[in-house]
There are 2 protein chains.
Amino acid sequence: MAGHSVVGKSIIRLDALDKVTGKAKYCEDLKLPGMLYGKVLRSPYPHAHITSIDTSRAENISGVRAVITGRDVPEKRYGPSVFDQHTLARRVVRYVGDPVAAVAADSVEVAERALGLLKVEYEKLPAIFDIEEAWEKNPPVIVHRDLPKYELGKFPPLRLVPDRPNVCHLRMLRHGDVERGFKEADLIVENKFTTTRIQHCPFEPHGSIAQAESDGSLTIWAGRQSIFLARQYLCKLFDLLPSQVRVIASHYIGGGFGSKVTLYTEPIGVMLSMKTGRPVKLTFSREEMFSSGGTRIPFVIRIRDGVKKDGTLVARDMEMLLGMGAYAGSGPLITRNCIYGAVATYRIPNAKIDAYAVYTNEPPVTSFRGFGSSQVLWAIESQMDVIAEELGLDAVELRRKNLLEEGDTNITGEIVHSIGIRECLDKVAESLEGSPKSKMEGGPWRRGKGLALGNKYSMAPTAAVAIVKVKGDGTIEVHESADEIGQGCHTVLAQIAAEEFGVSVDEVKMVWGDTAFTPYFSRGSTSQRTTFNVGNAIRLACQDAKRQIFEIAAEKVHAQIQDMDIKDGAIYVRSDPSQRISVTELFTSERALSPGEFGDYVEPSAEILGKGVWVTRPAPSDPETAQIPENVARMGGRLAGFFGYGVQGVEVLVNIETGEVKVEKVVAASDVGYPLNPKMCEQQIEGGVAMGIGSALWEEVALDKGKVVNPNFGNYKIVTSINMPKIENVKVFLVSAPHKEGPYGAKGTGETQMTPTAPAVANAIYNAVGVRIKDLPITRERVFRVLREKAGG
Amino acid sequence: MAGHSVVGKSIIRLDALDKVTGKAKYCEDLKLPGMLYGKVLRSPYPHAHITSIDTSRAENISGVRAVITGRDVPEKRYGPSVFDQHTLARRVVRYVGDPVAAVAADSVEVAERALGLLKVEYEKLPAIFDIEEAWEKNPPVIVHRDLPKYELGKFPPLRLVPDRPNVCHLRMLRHGDVERGFKEADLIVENKFTTTRIQHCPFEPHGSIAQAESDGSLTIWAGRQSIFLARQYLCKLFDLLPSQVRVIASHYIGGGFGSKVTLYTEPIGVMLSMKTGRPVKLTFSREEMFSSGGTRIPFVIRIRDGVKKDGTLVARDMEMLLGMGAYAGSGPLITRNCIYGAVATYRIPNAKIDAYAVYTNEPPVTSFRGFGSSQVLWAIESQMDVIAEELGLDAVELRRKNLLEEGDTNITGEIVHSIGIRECLDKVAESLEGSPKSKMEGGPWRRGKGLALGNKYSMAPTAAVAIVKVKGDGTIEVHESADEIGQGCHTVLAQIAAEEFGVSVDEVKMVWGDTAFTPYFSRGSTSQRTTFNVGNAIRLACQDAKRQIFEIAAEKVHAQIQDMDIKDGAIYVRSDPSQRISVTELFTSERALSPGEFGDYVEPSAEILGKGVWVTRPAPSDPETAQIPENVARMGGRLAGFFGYGVQGVEVLVNIETGEVKVEKVVAASDVGYPLNPKMCEQQIEGGVAMGIGSALWEEVALDKGKVVNPNFGNYKIVTSINMPKIENVKVFLVSAPHKEGPYGAKGTGETQMTPTAPAVANAIYNAVGVRIKDLPITRERVFRVLREKAGG
């Protein structure tokens, strides 16, 4: 954007040097005096009664400081939405990996030895694994028999479904009259799509150090995506006030991707610390990450669309079953929010969506980059190509015809703003060069192109507070609480402060990560909300600080406050820039805040403190229909903070003999509102593409009767540089549909490009070899089988 | 004051339990991993050239990690006002105790052994000890031959006196026409008074831990009276930016009394840490406290007063010589500010004051509770009794006749505000019961009563910033940077926040003491400025937070913001208190900042952040006359932030055979503006009385050719419970002359009652036995001698 000198530039990450030199410290690097190491014993059964636990042998080992079981933990259950989980299982285990006992010892080795000496006796119970079966009325197994009965409209607003006992939440959307819509349709297309469990695979597993203080308060060092959410969960579980729980971010975090929102290690660590009085570090093994560290939610989606001959969508009916596993975690929230993935892109006069959160005896799920939208769009964007095929229309044109535009009303009643998807689509379609028809390649390989639209809402409400200190030497210190999970947020946020003060990012110091000191940020680095919300808070804080500086400066240079500006450490008069005073001079002058009685010897140490508060409020909506009242929508009311939009096009090679799929080329265009740091936007997009390819083709936490059979990187394949298209074949476009509330128009961009990859690949495969894959991942075996079926084999 | 529920109450100190149980941690309690211990070798000579230092034997001891000398430290000199001091002496030592070399070792014992092996050769130089001799033109010794030549009006605004080479600063006051005044006088009284060096004797000696970080920045843990001043001094000395120096307060500090403003241990600790890369703790021994830890400034005061027969003061001429010792420290600032001690109480149409800061080869001085006013008032308040005696007037009536009143103009041109001294005088005079004439007591003991007026300005400028967080549970967290030096500031400050929110102090958490986190407070807990300035900042921060809360609440309860108030965790409508909502309810409601998507399960964790900035600005004044321009004064301009006033009356017994003096009774009345915590005000006053009695009767750092001969509590007598009057004989009155800018009208009160004790005692002695002591301390020997002289012995 014209006139900007720091934002809009591809500033190199401020933490780059620390990270490549190994200087960056993670939770695992932190050691406290007297610290113990915790380890957890887990259930080998998917569903069982615990009949007895004998801890005596374990307790007698030298170096073991505490052994705790379900008898030691609060009767109270916790969880981010449904209170369904004990810190350690008390009577019943519900999945393979359910924590049963924990040990704190002088070393990890001693703790592990002690685990082996714990003797637990179980009485096995029948288990249920199939989501659809679990969802049915009169299911063979009920996972939780004793959930509190919530009513709609009461807190928490969970909608239970009386005759479906494994459903812990139902969300609904009703827009127009879907039955009338289907009557008007020339064609009705119905399909069932499924997605599977994938793990986030952050290179740093879950870990924390918990210290139960002698005054009853807690101090936690942890790599979390939200220190304030962690505080909130711990307050609830242990009946403490916010001021009694201090969560300190372990400065750097080795990847989050949604997995580090829920608490995994902290509650057990706290219990062990309470028992020993010493700090306890608890770190998950990689195996625990797969069995008990949370996965993406598997979806079963039935989608039924009504369209006119010309491609106009007239009705959409979706029924989605979300497999929670044994405990709901953030699943009910995803059940609510996944609906937004279906509302953002297309004009649909009549829509009906039901989303059910369903318990099974599989490992619990959690939030994952894309937060439900990836799964919803797997169905929708595959379905769009099916419709185009059936109507004989071009898939791109079909999409163009139905796209929402700025000022349209979407299916929640929200008036659409900042929608750059058409430009994204144009860029990708053009870059994929013409028709997405298949061409013969050499030997068994067939080439195909496909694309899909993606979107990702950013959740509201969000409250972010920032403090900006301007020091007498003109340097800026920004206090905020964004969580650095690898995305580089502090670099972008420093750019905003630097821009506001007309200095380079070197003169901005970022301070974050301590609920006792850094300002409030309600839900942390989740839902691609950081840049938008914390960025705005910082901008406001800078403006507050500048106003104070200008007040002092205006008096010195005899000018009006509103005529003043600041750049390169000097305040000047806009109409006469020769009228100026440096920050240092200002702070040491006798009229300044604290000149010190002996003039310039007294270092310019005064500090101006500016404060900014940014709140993104959600519009109220009808719980039965998810609709926003019209008058609220007219005033700009919205459910999501904003929508990020993106389109991905891929070119694949499919081996018709083996079913192998190679992604040869990716074109990704993202509407980021305004690219505050273009290079980092591109990196987010490339990261989304890589994760998208992995989730499309290989990734699956494979379960055998509820037990993870591939809990390691040897058997669970994540995408690596070997499987990625060559870097010159990954093309990224940044599109700017500025958001009126975004800082400089910017929106978040961390999750959007995770959402369209899988359907783009499926569409490309169809265009290559004419088979439609409806279940993720699109493994070689699966492609091979459908090719055989198609060939009538 | 009516309507207050928390301020005005004698809340028990929040830190009382920590202090009496030993839980409170001081700098000495802190140990860092790998920490070394530093020790300093000091000069045995008052003035000498260093000809050689041999460090080789010391360096070879096992456990010694670094030895540094003047060769290792910057050529650059530092100091809070005059740049006259090297971190370690480079070529010349100027007092007995001047640091010459330092050692860092694995233990204090090893460090001390190493000191003994350092071989330093000196070439002795002639030294000067007498202040008046040093002040003369052509003095026999010049202490600093190479000071930079500062000009008046330039930074720093030190006025050197060309023909007096040991004077490093001259301050002047000119008001009216003093010569004409003397011509109008019926009586001229001239006297010379002196004060001596006393030490602050904090129970915790100076100490710090310095860590030179690998990126060139510094982290310092220290018990300082101002973490921000410490940062400022370190920035200057080591050429660092404020953001590169972090000073962390060692939570509790064992007494300051002015001694912990200047840096003593930190610069040497930093040099040792730079050399070793490890944290270095450096703690003064008690002997070092006496030789090198700073003392109160000895004054030589010539005072000449012209009065009318009826007692009206018409002229005052004061010439004051302040003995800096070898380095000026904060002495030049005291030279400027001690003048304010003479301006606060009496109406004087014609005045002239000259105050000279004079170097000698004695140990350096520093700020001390009273900051020059104690010494100035020693002369003035003794002189007032002399005048009364000579005119045959009652000493109380003489004072009453000349008192300044609200709205008067004082001798700096300032218009007097918040002056409760007349009420203090009335209370004390009445409580002393009538005439202060002596009465015969049994045996050799004679009884006498006397009183004196005291005052203490609070310096401007001051900038204080506070942050107040309101948590969703209604608890309040206050971030500020007042330094807890034993005075209990955080209790009073918590009361202010509690009052503003209508909660008890238990619901207020105070957070302080880290330049990297807690908000700016320009000069820390010095000059009795904390309650006034930080208190105001907190009030403003609370009001900012309340405004935000009321904005949200007003919408909920359908009321006007200006009609809302808060109490006991609930916001209500003033005109209809049944219209209310609790903070918890507000923060969890859907319209609140961060309800969390799942209602009340999501703990009320939102935080409202309020900010307050308070700046006390000084009026400009003429450097030649110390006068404020009339138009500035009319608009309320003032040199000091405010004046605290107090009167002390004492009853003494004097032994005419031995000269012994016993203080039998003390009556002290202080104008505190408004007593936010009456009990704590009384405790400050009692502390001032105790310290005042010690300084009046016994305390003296005795020097023999510049060497301290009583550097321990065996030979340096401080006041103890044995020497104090019985507690029932110490009567304290609190007087309230509310200050229009003070929080609830309050002013500071920490220093005022240190200022009148000594002259009150001298006046009582005169009234008991008819001899006038003009030199402090009033030792038994001194009284004995003047009694002998008077008896013609």
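Residues numbered from 1 in each chain as written. Chains lettered and ligands numbered in written order. Predicted model: local features only at pLDDT ≥ 70, side-chain atom pairs only at ≥ 80, totals over all residues. Heavy atoms only, no water.

**Quick notes on the overall build of chain A**
When you go through chain A residue by residue, the secondary structure sums to 20 helices and 29 strands. The globule rule puts the C-alpha radius of gyration for 793 residues at 28 Å, and the 27 Å found for chain A is close to it. The principal-axis extent of the C-alpha atoms belonging to chain A is close to 90 × 75 × 55 Å. Here the contacts in chain A between residues at least 6 apart in sequence split such that 78% fall between residues at least 24 apart. Here chain A displays about 26,800 Å² of accessible surface, and carbon together with sulfur accounts for 50% of that area. Averaging the locations of the 95 positively and 97 negatively charged side chains of chain A gives two centres separated by 4 Å. (Helix = DSSP H or I, 4+ residues; strand = E, 2+ residues; numbered from the N terminus. Rg over C-alpha atoms; globule rule 2.2 N^0.38 Å. Contact = heavy atoms within 4.5 Å. Areas by Shrake-Rupley, 256 points an atom, 1.4 Å probe, with all protein chains shown as cover. Lys, Arg positive; Asp, Glu negative; His and termini not counted. Charge placed at Lys NZ, Arg CZ, Asp CG, Glu CD.)

**Digging into the side chain of asparagine 723 of chain B**
Assignment of secondary structure puts asparagine 723 of chain B in the loop between β28 (707-708) and β29 (730-735). A distance of 2.9 Å separates a polar atom in the side chain of asparagine 723 of chain B from the backbone nitrogen of threonine 720 of chain B. (Polar contact = N/O pair within 3.5 Å; in protein donor to acceptor, adjacent residues only side chain to side chain.)

**Section: the sheet that holds strand β12 (residues 280-283) of chain B**
Residues and elements named next belong to chain B. On the basis of which strands lie adjacent, the open sheet formed by seven strands has the order β3-β5-β1-β12-β9-β10-β11 and mixed pairing. Every other strand in the sheet has two partners, leaving β3 (64-69) and β11 (245-249) as the edge strands with one partner each. Taking each pair of neighbouring strands and ignoring which way they run, the sheet shows an average axis angle of 20 degrees. Judged from the six bridges that link them, strand β1 (residues 36-42) and strand β5 (residues 99-105) form a sheet pairing that is antiparallel. Across the sheet, residue valine 40 finds its bridge partner in β5, namely alanine 102. Each of β1, β3 and β5 is contacted by helix α3 (residues 108-116), which is oriented at about 25 degrees to β1, the strand it contacts most. Sheet strands touched by helix α7 (residues 266-276): β1, β3, β5, β9 (207-212), β10 (218-222) and β12. Its angle to β9, the strand with the most contacts, is close to 35 degrees. (Pairing = 2+ DSSP bridges. Axes fitted to C-alpha atoms, helices over the stretch in contact; angles between N-to-C directions.)

**As for helix α11 (residues 395-402) of chain B**
Residues and elements named next belong to chain B. Buried residues of α11: Ala395, Val396, Leu398, Arg399 and Asn402, and no others. Viewed end-on, α11 has its buried residues packed into an arc of 160 degrees, placing them on one side of the element. In this structure, the buried side of α11 is in contact with β14 (313-325), α10 (373-391), α12 (421-431), β17 (445-459) and α18 (757-769). (Buried < 20%, exposed > 50% of the residue type's maximum accessible area, 1.4 Å probe, protein only. Arc of directions from axis to C-beta.)

**Some points on the domain arrangement of chain A**
All names here are of chain A. The domains assigned to chain A are domain 1 (27-127 + 203-255 + 260-292), domain 2 (299-406 + 416-459 + 623-790) and domain 3 (462-616). On the side of domain 2, 25 residues touch domain 1, which itself brings 22 residues to the contact. In this assembly, domain 1 packs against domain 2 so that about 1,800 Å² is buried in total across both faces, 63% of it on carbon and sulfur atoms. Contact with domain 2 buries surface across domain 1, with Asp84, Tyr95 and Phe290 losing the most and accounting together for 32% of the total. Linking domain 1 with domain 2 are zero salt bridges. Where domain 1 packs against domain 2, one counts seven residue pairs in polar contact (both at pLDDT 80 or more). Here the side of domain 1 that touches domain 2 takes four residues from helix α8 (residues 286-292), the largest share from any one element. (Domains from an automatic or database assignment. Buried area = accessible area lost by both parts, 1.4 Å probe. Salt bridge = Lys/Arg side-chain N within 4 Å of Asp/Glu carboxyl O.)

**Some thoughts on the sheet that holds strand β18 (residues 462-471) of chain A**
Residues and elements named next belong to chain A. In space, the four strands of this open sheet follow the order β20-β19-β18-β24, with mixed pairing throughout. The open sheet terminates on both sides in strands that have one partner only, identified here as β20 (508-511) and β24 (607-616). Taken over all neighbouring pairs, the strand axes of this sheet differ in orientation by 20 degrees on average, direction set aside. As defined by bridge partners, β18 adjoins strand β19 (residues 476-479) across four bridges and the pair is classed as antiparallel. When the bridges of β19 are listed, lysine 469 appears paired with glutamate 477.

**Some points on the packing of α11 of chain B against α12 of chain B**
All names here are of chain B. One way to put it is that α11 packs onto α12 with a least axis distance of 11 Å and a crossing angle of 170 degrees. The pairing of α11 with α12 is recorded here as roughly antiparallel in orientation. In this structure, α11 contributes Val396, Arg399 and Arg400 to the contact, and α12 contributes Arg422, Leu425, Asp426 and Ala429. Residues of the contact of α11 with α12, tallied by class, amount to three nonpolar, no polar and four charged. (Parallel < 35°, antiparallel > 145°, perpendicular 65-115°, else oblique. Nonpolar A, V, L, I, M, F, W, Y, C, P; charged D, E, K, R; others polar.)

**With respect to the packing of α10 of chain B against α18 of chain B**
Packed helices, taken two at a time, are described by the angle their axes make and the gap between the axes. Residues and elements named next belong to chain B. At a minimum axis separation of 8 Å, α10 and α18 run at an interaxial angle of 30 degrees. In terms of orientation, α10 lies roughly parallel with respect to α18. In the packing of α10 onto α18, the handedness of the crossing is right-handed. Mapping the contact onto sequence places Leu377, Trp378, Glu381, Ser382, Asp385 and Glu389 in α10 and Ala758, Pro759, Ala762, Asn763, Tyr766 and Asn767 in α18. Per-class residue counts for the contact of α10 with α18 are six nonpolar, three polar and three charged. (Left-handed = near helix turned anticlockwise from the far one by under 90°.)

**Remarks on the environment of asparagine 763 of chain B**
With respect to the secondary-structure elements, asparagine 763 of chain B resides in helix α18. Counting along the chain gives 312 residues from asparagine 763 of chain B to leucine 451 of chain B, while the straight-line C-alpha distance between them is 6.6 Å.

**So, the pattern of salt bridges**
Inspection of every chain in the model, using the stated rule, returns 104 salt bridges over all chains. Arginine 13 of chain A serves as the salt-bridge partner of glutamate 484 of chain A, at 3.5 Å between the closest nitrogen and oxygen. Within this pair, whereas glutamate 484 of chain A is found in the loop between β19 and α14 (489-501), its partner arginine 13 of chain A is found in the segment before α1 (16-21), the two being separated by 471 residues in sequence. What you see here is one network of salt bridges that share partners, running through Arg231 of chain A together with Lys469, Lys471, Glu477 and Glu607 of chain B.

**Structural notes on the confidence of the model for chain A**
All names here are of chain A. On average, chain A scores 92 in pLDDT, and the residues at 70 or more come to 95%. Across residues 151-155, where pLDDT falls below 50, the model places 10 contacts with residues more than four positions away in sequence or in other chains. In the model, residues 590-605 has pLDDT below 50 throughout and makes 76 contacts with residues more than four positions away in sequence or in other chains. The ipTM assigned to the predicted complex is 0.82, against a pTM of 0.89. (pLDDT = per-residue confidence, 0-100.)

**Quick look at the packing of aromatic side chains**
Here a ring pair, both rings aromatic, is described through the centre-centre distance and the interplanar angle of the planes. Within this structure, the stated rule accounts for 29 aromatic pairs over all chains. Geometrically, the ring pair formed by tyrosine 45 of chain B and tyrosine 122 of chain B is edge-to-face, given 5.1 Å between the ring centres and 75 degrees between the ring planes. Highlighted residues: tyrosine 45 of chain B in the loop between β1 and β2 (48-54) and tyrosine 122 of chain B in strand β6 (residues 119-124), separated in sequence by 77 residues. Following the ring pairs from residue to residue traces out a cluster consisting of Tyr26, Tyr252 and Trp512 of chain A. (Phe/Tyr/Trp six-rings, centres within 6.5 Å; stacked < 30°, edge-to-face > 60°.)

**A word on the nonpolar core**
Residues Ile538 of chain A together with Ile538 of chain B are the most contacted members of the largest nonpolar core, which totals 188 residues. Beyond its immediate sequence surroundings of up to four residues, isoleucine 538 of chain B is in contact with Ala466, Val468, Val478, Glu480, Leu493, Ile496, Ala497 and Met510 of chain B. Listed in part, the 123 residues of the second largest apolar core include Ile131, Tyr359, Ala690 and Val786 of chain A. (Core = buried A, V, L, I, M, F, W, Y, C linked by side-chain atoms within 4.5 Å.)

**Overview of the pairing of strand β26 (residues 661-671) of chain B**
Residues and elements named next belong to chain B. Here β26 lies mainly inside the structure; nine of its 11 residues are buried. One ladder, built from 10 bridges, connects strand β25 (residues 640-655) with β26; its direction is antiparallel. Bridge assignment links valine 652 to a residue of β26, and that residue is valine 663. Hairpin geometry of β25 and β26 is characterised by an intervening segment of five residues between the two adjacent antiparallel strands and by a positive phi of about 85 degrees at glycine 659.

**A closer look at the environment of glycine 329 of chain B**
Residues and elements named next belong to chain B. Inspection of the secondary structure assignment puts glycine 329 in the loop between β14 and α9 (331-343). Given the relative accessible area of 10%, glycine 329 is considered buried. Distance from glycine 329 to phenylalanine 193, taken between C-alpha atoms, is 24 Å for residues 136 residues apart in sequence. Contact partners of glycine 329, with chain neighbours within four places excluded, come to Pro80 and Ser81.

**Regarding the side chain of aspartate 317 of chain B**
All names here are of chain B. Within the secondary structure layout, aspartate 317 lies in strand β14. What makes aspartate 317 buried here is its relative accessible area of 15%. Contacts of aspartate 317, omitting those with residues within four sequence positions, involve Val178, Phe182, Arg302, Ile303, Arg304 and Lys352.

**What to know about unusual backbone geometry**
The omega torsion of the bond from alanine 460 of chain A to proline 461 of chain A falls at 5 degrees, within 30 degrees of zero and hence cis. With respect to the element layout, proline 461 of chain A can be found in the loop between β17 (445-459) and β18. That bond from leucine 776 of chain B to proline 777 of chain B is cis: its omega, -5 degrees, falls within 30 degrees of zero. Structurally, proline 777 of chain B is set in the loop between α18 and α19 (780-790). Phi at phenylalanine 257 of chain B is positive, roughly 60 degrees, even though this residue is not glycine. Relative to the helices and strands, phenylalanine 257 of chain B resides in the loop between β11 and α7. The backbone phi angle of aspartate 568 of chain B is positive, close to 50 degrees, even though this residue is not glycine. Position of aspartate 568 of chain B relative to the elements: it lies in the loop between β21 (564-567) and β22 (570-573). Accessibility expressed as a relative area gives 63% for aspartate 568 of chain B, which makes it exposed.

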